[in-house]
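Listed below, chain by chain, are the residues.
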Amino acid sequence: MKKFKLAYAPTRRFVFSKEDALKYKVLIKEKMESFDLDIDIIDLEGINEEGLLHERHEEAEIIRRFKDAEVDALFVPHCNFGTEDIVARVAKALDKPVLLWGPRDEAPLADGMRLRDTQCGLFATGKVLRRFGVTFTYITNCRVDDPVFERGFKNFIAAANVVKHFRDLRILQISTRPSDFWSVICNEGELLEKFGIQIHPISLEDLRKSVVRIEKMGGDVLADEIKLMKEAVDWDGLPDESITKMAALKIAIRRMVEQTRSNAVAIQCWSALQSITGIMPCFVNGLLTDEQIPTTCETDIHGAITSIMVQAATMNQKPTFFADITVRHPENPNGELLFHCGNFPLSMKVEDKPKLQRHWLFEDEAPGALEGEVAGGDMTIARFDGDHGEYSIFLGKAKGIEGPYTRGSYVWVEVNDWPLWEEKLVKGPYIHHSTGIHEDVIPALYEACQYIPGLTPDPVDPTEAEIQAWLRGSDLNK
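Within each chain, residue numbers correspond to sequence positions counted from 1 in written order. Confidence filtering applies because this is a predicted model: local features only for residues at pLDDT of at least 70, side-chain atom pairs given and counted only at 80 or more, and all residues used for totals across whole chains, interfaces and linings. Note that water and hydrogens are dropped before the side-chain values are worked out from all heavy atoms of the structure.

A. Just the overall build of the protein, in detail. Helix and strand assignments follow DSSP, with helices taken as H or I runs no shorter than four residues and strands as E runs no shorter than two, numbered in order from the N terminus. Helices and strands together make up the secondary structure of the protein, namely 15 helices and 18 strands. The globule rule used here is 2.2 Å times the number of residues to the 0.38 power, and the radius of gyration it is set against is calculated over C-alpha atoms. Its C-alpha radius of gyration of 25 Å places the protein within 12% of the 23 Å reference for a compact globule of 478 residues. Dimensions of the protein, computed from the C-alpha atoms along their principal axes, are close to 85 × 50 × 45 Å. Burial classes: relative accessible area under 20% of the type maximum marks a residue as buried, over 50% as exposed, and values in between as partly exposed (1.4 Å probe, protein chains only). A burial count over the protein gives 58% of its 478 residues as buried. Intrachain contacts of the protein at a sequence separation of at least 6 include 77% that bridge at least 24 residues. Carbon together with sulfur atoms contributes 48% to the accessible area of the protein, which is approximately 20600 Å² in total. Charge assignment: positive for Lys and Arg, negative for Asp and Glu; neither His nor the chain ends contribute. By convention, charge coordinates are those of NZ in Lys, CZ in Arg, CG in Asp, or CD in Glu. Between the mean site of the 56 positive side-chain charges and the mean site of the 76 negative ones, the protein shows a separation of 5 Å. Every residue pair with non-hydrogen atoms within 4.5 Å of one another is taken to be in contact. Using a 1.4 Å probe, accessible areas were evaluated by the Shrake-Rupley method; residue-level cover was limited to the displayed protein chains.

B. Looking closely at the sheet that holds strand β9 (residues 295-296). Within the open sheet, the four strands sit side by side as β7-β6-β8-β9. Their pairing is parallel. Looking along the sheet, the strands with just one partner apiece sit at the ends: β7 (198-202) and β9. Where strand β8 (residues 264-267) meets β9, two bridges bridge the pair, whose relative direction is parallel. By the bridge assignment for β9, V265 is matched with T295. We call two strands paired when DSSP finds no fewer than two bridges between them.

C. Spatial organisation of the environment of L476. Here L476 shows up in the segment after α15 (464-472). Excluding anything up to four places from it in sequence, L476 contacts P147, V148 and R151.

D. Representation of the packing of helix α2 (residues 59-68) against helix α3 (residues 84-94). The axes used here are C-alpha line fits, helices contributing only the stretch in contact, and every angle between their N-to-C directions lies in the interval 0 to 180 degrees. For the pair α2 and α3, interaxial distance at closest approach is 10 Å and the crossing angle is 35°. Considering only the axes of α2 and α3, their crossing is right-handed. Between α2 and α3, the residues in contact are E59, I62, I63, F66 and K67 and I86, R89, V90, A93 and L94, respectively. Handedness of a helix crossing follows the sense of rotation of the near helix relative to the far helix, less than a right angle counterclockwise being left-handed and clockwise being right-handed.

E. Region of the structure containing the environment of K424. Here K424 is to be found in helix α13 (residues 418-427). Distance from K424 to I171, taken between C-alpha atoms, is 27 Å for residues 253 residues apart in sequence.

F. Main features of the sheet that holds strand β3 (residues 73-77). Pairing within the open sheet is parallel, and its five strands lie in the order β2-β1-β3-β4-β5. Strand pairing shows two members of the sheet lacking a second neighbour, β2 (39-42) and β5 (137-138), which therefore form its edges. When β3 meets strand β4 (residues 98-101), the two strands line up parallel, connected through four bridges. Following the sheet pairing, P77 is matched in β4 by W101. Packing of helix α4 (residues 118-131) onto the sheet brings it into contact with β4 and β5, and relative to β4 it is tilted by some 155°. Lying over the sheet, helix α5 (residues 147-166) contacts β1 (4-8), β2, β3, β4 and β5, oriented at roughly 125° with respect to β1.

Structure representation (structure tokens):
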């Protein structure tokens, strides 16, 4: 996975203090580097003696540097008023998410002179960016050490990472949707035309042949996967050959992902697959998801898209889980069960060695479902979906709570207003499938949507107004 690259183009204008602009260029970069973010910063050092964007004749060289570096986003802090026309042309040429911000101005000097007029320049640049049709993110004019800058910067990087992965999305589709699942129907042509999302389909027969070939060849890779599986779970009562098939299945899918340069997988997990392989893929799906290859059940393409977006919002630091939104809590009016057949990542399990067993609905058929409760805590629940040419992403906060035992992989959660959630999910364009992650990534996903034409954020908790206030840092000024 390629490291995130940020184009750093601090700007000044000739009529204000060059010395102060240079000072803030350094202070801002040092502050960025102090954040806990694993990113590469591509600056303007060497373009001119100052490493600042302000000369119009250097515009082409600046654009070339950033394009050659294959940057993922552009940050143009105004170290004084700034040069708005060059900022806009560079931003337009790069066609990447843009962050606009400037450090808050000091008081005028004793003689009444002002050194930077940064805020004034931000107003000018914002207008010119609009004229050029450039979408941009804005952080409230504040001091370098103010918490709102750190919050806004980190959220922008996460949002830009979502955009990066969304624009490069290719899904390995393993077979058609199950015939009974009309709810997961998607428009492949529309996804390609509207968002550039590619789908690479293969058949179950292709998968079966690959699994058989890997089993026959054996070797260290297969042996290592078998060892990993046996040590990680309680597989007592299952035949040894079933574990071998699961390991071969995981290797086969991972190789197909690499060969097709896919980012995620949507698999027809039942019922044809267990008939031809003798196993369920649930455990394998969870292992792949743990390895940053989100694998969604019932050939849910929209679920795979959601999972890539949510994973990217954590800078690809945390795995997602793919769940049915299933039944209401028997006692808590705002409680709900997030469940699936055994596909939640192993890293989320509460037990040290969870039970690997036969599917609870297919007891007489095939093993491969990893059952047990997963960790609670704060979560984001999301769902990308659409119909009739309109697409949105549902966003909501949830928190793990106690609840009764059930089969499969599961976690009980509490939300702010379940009747509101239920109404929104039923009336659509959503379904019973969702993607969860143990982190609040709602502001990042919300911000990412403005860079994805045709995708509307649809937050239920927090509200859109609350997200915008949080991004402005309104809570920090109280």
